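For reference, the chains in residue letters:
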2 protein chains.
Amino acid sequence: MREVRYLEIAADLRKRVEAGEFSAGGVLPSEADFTRAYGASRVTVRKALESLRDGGLIDSRQGFGWFVAVDRVRQSLAQLSTIERDLAERGVVTERQILDFAFVAASAHVRGVLGVDQVLRVRRLNLADGSPFARVTVWCPAELGASLSRADVAARPFYDLLPVEIGGATQTIGAALAESADANVLAVPVGSPVLRCERVTRDVDDHPVLLSVHVFPAHLTEFVVDLPSPSSLSLVE
Amino acid sequence: MREVRYLEIAADLRKRVEAGEFSAGGVLPSEADFTRAYGASRVTVRKALESLRDGGLIDSRQGFGWFVAVDRVRQSLAQLSTIERDLAERGVVTERQILDFAFVAASAHVRGVLGVDQVLRVRRLNLADGSPFARVTVWCPAELGASLSRADVAARPFYDLLPVEIGGATQTIGAALAESADANVLAVPVGSPVLRCERVTRDVDDHPVLLSVHVFPAHLTEFVVDLPSPSSLSLVE
DNA sequence: CAGTGGTCTAGACCACTGG
DNA sequence: CAGTGGTCTAGACCACTGG
């Protein structure tokens, strides 16, 4: 594997920033300093810095310097960002707490989406540093979930567990009021606003293999969508 | 305003690609060609090309060349769909009813985003076949809005009216409860769920030129996001 | 004012592609 | 093989920041 200098520098800088070598909001050494310290040209140093900026870790102001980003992450590579991802990027420990694991008869809606009568239904809570931030219900065809254990679905994402190759997904984002089932586990009042996402995940042959509903308290969650071009803008005006 | 060469080149290339000068999947001229044609250094040409790749418009393969992207990573952006768009596609008549048109002092938040003290603030209602489906508030710097009339903003989208070239936007999607101002004009009860979108629109130089807040009744509206590839899926699991 | 990041040039070597 | 994009250098001028 050929060593790519700017990636090496970026990786090193990321480690140093994440290790807290520079305080949050704190200023980094200047590009000239890095040029000397890493023995690389300024262009290469800048390429490393810019890649970290794309990741939202650091930011810069002309005439001032580079500094550790305090603002919300703005991932330019990803079109859709969630609090789950932001948390993971910031090193917060996320885990899944399984509330319910059962093979059940599909409801009409679930049968309509997945096309089967018997499904594995998993209800879980997504936690960040021990605090719940999403209540998730996942359904998959009983046949596909037959070999899964409750421990499996706690340890890894469903995508990794299914014996099929995942193709893509379609997600809808809506607003709703917290029901008592949500409110109890998410520690919000009944009737408070929540974001409710319903996602249909398909395999490479475009057959639906997962249906999931994610409920996020509104005060914790926001979806960020970058619309990079004028042509995409006209779609939502 | 200083001209930034790589942004000029990027804008020109974007126009040419979107005009279909290169067929979908088709190969672009080489970097060496562009260097000659634009009279800029290869580094500058590459910076323009890379910015378009970040936008998902084009892609490259080492030893092969640059080509128009077919499986656009950013495709899902073009597929962010709203009820507004769906309505327009179905031939429903949409119109804007201006509720308020005023030059006012910017709030701290608006000033923070737009960087100016005086703004034009327009409140409007978006209607579909005569029924309201969104309450929108738009702020733009007073200087940019100086030549706009109330009739202008009723007749055409803000994007078409501003004397600047629009680059892109970043939108956040959240949930909230209807306030009385929303409830009155949207014909929903106070405290019912709404989707609340805040969008920052930038010009081609990446300066914010518009801030807008869109409030949709939850029972009328749903955002649909296609996540076409497994790699984009991992971002939201 | 000195120091900073933002842009840009004109070179260079390399890995990779396709014929 | 010739041509391509990917990386990298050592300079340069500029706009902007803060004191």
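Before any of the text, the structure's been laid out above.
The shown structure was predicted, so the numbers you read here are calculated from the model rather than taken from an experiment. (Residues numbered from 1 in each chain as written. Chains lettered and ligands numbered in written order. Predicted model: local features only at pLDDT ≥ 70, side-chain atom pairs only at ≥ 80, totals over all residues. Heavy atoms only, no water.)

Along its length, chain A carries 10 helices and 10 strands. Each of the 237 residues in chain A was classed as buried or not, and the buried ones make up 49%. In chain A, once contacts between residues fewer than 6 apart in sequence are set aside, the share between residues at least 24 apart is 55%. Carbon and sulfur atoms form 51% of the exposed surface of chain A, whose accessible area is close to 11300 Å². (Helix = DSSP H or I, 4+ residues; strand = E, 2+ residues; numbered from the N terminus. Buried < 20%, exposed > 50% of the residue type's maximum accessible area, 1.4 Å probe, protein only. Contact = heavy atoms within 4.5 Å. Areas by Shrake-Rupley, 256 points an atom, 1.4 Å probe, with all protein chains shown as cover.)

To continue, consider the protein's contact with DNA strand C. Looking at DNA strand C, there are 26 residues lining it, with Arg 42 and Arg 46 of chain A together with Arg 5, Ser 41 and Thr 44 of chain B nearest. Atoms of DNA strand C within 4 Å of the protein: sugar and phosphate make up 66%, bases the balance. Arg 53 of chain A has a polar side-chain atom sitting 3.5 Å from a phosphate oxygen of DNA strand C. The separation between a base nitrogen of DNA strand C and a polar side-chain atom of Gln 62 of chain B is 3.1 Å. (Near = heavy atom within 4 Å. Polar contact = N/O pair within 3.5 Å; in protein donor to acceptor, adjacent residues only side chain to side chain.)

If you look at the biggest cluster of nonpolar residues, it comprises 52 residues, and the most contacted ones within it are Phe 158 and Leu 162 of chain A together with Phe 158 and Leu 162 of chain B. Counting 20 residues, the second largest nonpolar core, distinct from the first, contains Ala 106, Leu 127, Val 200 and Leu 211 of chain B. (Core = buried A, V, L, I, M, F, W, Y, C linked by side-chain atoms within 4.5 Å.)

So, on to the protein's contact with DNA strand D. In the vicinity of DNA strand D lie 26 residues, with Arg 5, Ser 41 and Thr 44 of chain A together with Arg 42 and Arg 46 of chain B positioned nearest. Sugar and phosphate atoms form 67% of the subset of DNA strand D atoms that lie within 4 Å of the protein. At 2.5 Å, a side-chain N or O of Thr 44 of chain A approaches a phosphate oxygen of DNA strand D. Sorting the residues of the surface near DNA strand D by element identifies α1 (5-18) and α3 (42-54) of chain A together with α3 (42-54), β1 (58-61) and β2 (65-68) of chain B as the ones contributing at least two each. Here the surface near DNA strand D gets 4 residues from one element, more than from any other, and that element is α3 of chain A. Split into classes, the residues belonging to the surface near DNA strand D amount to 7 nonpolar, 10 polar and 9 charged. (Nonpolar A, V, L, I, M, F, W, Y, C, P; charged D, E, K, R; others polar.)

For the rest of this paragraph, the subject is the environment of Ala 176 of chain B. For Ala 176 of chain B, the position within the fold is in strand β6 (residues 166-177). Sequence-wise, Ala 176 of chain B and Gly 191 of chain B are 15 residues apart; in three dimensions their C-alpha atoms are separated by 8.5 Å. Residues in contact with Ala 176 of chain B, not counting those within four places in the same chain, are Pro 193 of chain A together with Ser 192, Pro 193, Val 194 and Arg 196 of chain B.

This paragraph deals with the packing of aromatic side chains. Geometry of an aromatic ring pair is reported as the spacing of the ring centres plus the angle between the planes. Scanning all chains against the criterion turns up 6 aromatic pairs over all chains. Seen in terms of ring centroids, Phe 34 of chain A and Tyr 38 of chain A are 6.0 Å apart; in terms of plane orientation they differ by 35 degrees. Their pairing is tilted. One end of the pair is Phe 34 of chain A and the other is Tyr 38 of chain A, both in helix α2 (residues 31-38) and 4 residues apart, which spans about a single turn. The same class applies to Phe 34 of chain A as to Tyr 38 of chain A, namely buried. Here the aromatic rings of Phe 101 of chain B and Phe 103 of chain B are separated by 6.2 Å at their centres, their planes lie at 85 degrees, and the arrangement is edge-to-face. Taking the ring centre of Phe 64 of chain A as reference, the NZ or CZ of Arg 61 of chain A above it sits at 4.3 Å. (Phe/Tyr/Trp six-rings, centres within 6.5 Å; stacked < 30°, edge-to-face > 60°. Lys NZ or Arg CZ within 6 Å of the ring centre and 35° of its normal.)

As a further point, take the pairing of β6 of chain B. Residues and elements named next belong to chain B. Most of β6 sits out of view: 11 of its 12 residues are buried. The sheet contact formed by β6 and strand β7 (residues 193-203) spans 11 bridges and is antiparallel. Of the residues in β7, the one forming a bridge with Ala 176 is Val 194. (Pairing = 2+ DSSP bridges.)

In this section: the pattern of salt bridges. Here the structure, examined in full by the defined rule, presents 24 salt bridges over all chains. Close ionic contact of Arg 16 of chain B with Glu 21 of chain B constitutes a salt bridge, the shortest N to O distance being 2.8 Å. Arg 16 of chain B gets classed as partly exposed once you look at its relative accessible area, which sits at 22%. By relative accessible area, Glu 21 of chain B is classed as partly exposed at 47%. Where Arg 46 of chain B meets Glu 31 of chain B, a salt bridge forms, and the shortest distance between an N and an O atom there is 2.7 Å. Here Arg 46 of chain B is found in helix α3, whereas its partner Glu 31 of chain B is found in helix α2 (residues 31-38), with 15 residues between them in sequence. Its relative accessible area of 26% is what places Arg 46 of chain B among the partly exposed residues. Taken together, the salt bridges that share partners define one network made up of Glu 31, Arg 42, Arg 46 and Glu 50 of chain A. (Salt bridge = Lys/Arg side-chain N within 4 Å of Asp/Glu carboxyl O.)

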